[in-house]
Amino acid sequence: MTTAPRQTAPGAAGDSGEKRRRPAGAPGAAAPAPRRSARSYETLTGYLFVGPAVVLFCVMGLYTVGYGFALSFATWNGFSPNWKWVGLDNYADLLWRSPVYAPRVRHAALNTLWVMIAAPALTVAVSFPLAVLLNRVKRFRSVLRSVYFLPYVTSGVAVFFAWQYILQPDGAVNLLLDGLGLGSLQQPQGWLGNPSTALPTMIVVTVWGQVPVAMLLYLTGLQGIDRSVLEAAELDGAGWWRTNASVVWPLVRPITAVVVLLNLRESLQGFQTFLVMTNGGPGDHTNVLGLEAYRLAFLKNLSPTLGLASALGWILFAAALVLALINLRALRSKT
């Protein structure tokens, strides 16, 4: 006796399939609505948190940059209600046309060029050997690293005034030279008062402030070098000097590029050290482009030179951008 197969009602299998496909715990098709509401609430909350920072960036960043760029094509003293649009005259006056401003800018550019050449070279020459020696120290490494990094975290103005006191005619440098029997090297005018020693002295102070960061960058790179590479060099008979010159130095070349780029940027745009210690003197022998832009902007009383200062700032920005691109291209070609 055979039993007839039981027939299921149309749509029953589909209903059971839908039930099987439906996630557990979901009461029905209306379940995703609360999820969308929660996501919308989270999105709105995120925008509310980010909004003030975006507004502040637009006001203090984009608006300020655009305002300064527009000002570089005008003359204004900062107080008159209207600008006077002059186009590219500010750039022409700074670069070649004005008999008042162009010679000062060229002289400041020459001083800046000397700083840009000497400061990065001396920073690398001091920081890399210092990092190599510090990397070999087993005890008190953290203490020494903190001591060497101290010049960078110390208040800049206080350090600059301390350097002024040390470099005075009766300062510590002249007294030390006299005590060592090197009185002929003393500077009766002070190391910042003699036109022939003022700029080299400022370069030394600049390097002193840049060495800590460069040393830590090199130290980080040295600690990341595979020990087996150094051991292979030692097995091949390479000494300490040969290992560091032929193995370690090429491996930290990208760090050198970063150190040089940071020093170039600081040498091109930084002027705080020169402002506090010499204010460009004696006789503009330590005047640099950043300090000249500061003078045009704030030390000309009511003269309409804010446009010139803005134009000089944009010239410095263009030079820094070109140097960054050149450095990046050189780094890519070497890697």
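Given the structure is predicted, the values throughout are model-derived calculations rather than measurements.

Helix and strand content of the protein chain: 14 helices and two strands. Counted over contacts in the protein chain with a minimum sequence separation of 6, partners at least 24 positions apart contribute 63%. In the structure as shown, the protein chain presents an accessible area of about 21,200 Å², 66% of it carried by carbon and sulfur atoms.

Moving on to the pattern of salt bridges. Enumeration over the complete set of coordinates arrives at seven salt bridges. Where Arg265 meets Glu266, a salt bridge forms, and the shortest distance between an N and an O atom there is 3.7 Å. When its relative accessible area of 24% is taken as the criterion, Glu266 is described as partly exposed. A cluster of three or more residues bridged by salt bridges with shared partners is formed by Arg104, Asp284, Glu292 and Arg295.

As a further point, take the packing of aromatic side chains. Where two aromatic rings form a pair, the distance of their centres and the angle of their planes describe that pair. Going through the model one piece at a time under the given rule, you end up with 13 aromatic pairs. On the numbers, 5.9 Å between centres and 45 degrees between planes, the contact of Trp76 with Trp83 is tilted. Summarising the aromatic geometry, the rings of Trp163 and Trp208 are spaced 5.5 Å apart at their centres and angled 80 degrees between planes, so their arrangement reads as edge-to-face. One end of the pair, Trp163, is in helix H6 (residues 156-166); the other, Trp208, is in helix H8 (residues 195-223), and 45 residues separate them in sequence. Accessibility expressed as a relative area gives 33% for Trp208, which makes it partly exposed. Within the aromatic cluster, the residues linked to one another by ring pairs are Phe69, Phe73, Trp85, Tyr91, Trp314 and Phe317.

Note that the residue after Gly281, namely Pro282, is joined by a cis bond; omega there is -5 degrees. Mapped onto the elements of the fold, Pro282 is located in the loop between helix H12 (272-277) and helix H13 (289-298). Positive phi values are uncommon outside glycine, yet Asn279 reaches one of about 55 degrees. Relative to the assigned elements, Asn279 resides in the loop between H12 and H13. For Asn279, a relative accessible area of 38% gives the class partly exposed. For Asp284, which is not glycine, the phi dihedral falls at a positive 65 degrees. Note that Asp284 resides in the loop between H12 and H13. Classification of Asp284 by relative accessible area gives partly exposed; the value is 22%.

Here the focus is the side chain of Thr123. Within the fold, Thr123 resides in helix H4 (residues 101-136). For Thr123, a relative accessible area of 0% gives the class buried. Side-chain polar atoms of Thr123 contact the side chain of Asn263, separated by 3.1 Å. Those residues in contact with Thr123, other than ones at most four positions away along the chain, are Val207, Gln210, Val211, Ala214, Val259 and Asn263.

Together, Val55, Leu56, Val59 and Met60 line one region of the surface with nonpolar side chains, adding up to about 400 Å² of accessible area. Mapped onto the elements of the fold, Leu56 is located in helix H2 (residues 32-71).

The share of residues in the protein chain with pLDDT of 70 or more is 88%, and the mean pLDDT across the chain is 83. Averaged pLDDT values over the elements of the protein chain bottom out at 47 in helix H1 (residues 12-21) and peak at 94 in helix H3 (residues 89-97).

Thresholds applied
- Residues numbered from 1 in each chain as written.
- Predicted model: local features only at pLDDT ≥ 70, side-chain atom pairs only at ≥ 80, totals over all residues.
- Heavy atoms only, no water.
- Helix = DSSP H or I, 4+ residues; strand = E, 2+ residues; numbered from the N terminus.
- Contact = heavy atoms within 4.5 Å.
- Areas by Shrake-Rupley, 256 points an atom, 1.4 Å probe, with all protein chains shown as cover.
- Salt bridge = Lys/Arg side-chain N within 4 Å of Asp/Glu carboxyl O.
- Buried < 20%, exposed > 50% of the residue type's maximum accessible area, 1.4 Å probe, protein only.
- Phe/Tyr/Trp six-rings, centres within 6.5 Å; stacked < 30°, edge-to-face > 60°.
- Polar contact = N/O pair within 3.5 Å; in protein donor to acceptor, adjacent residues only side chain to side chain.
- Patch = residues over 30% accessible without salt bridge, like charges linked within 9 Å, V, L, I, M, F, W, Y side chains within 5 Å.
- pLDDT = per-residue confidence, 0-100.

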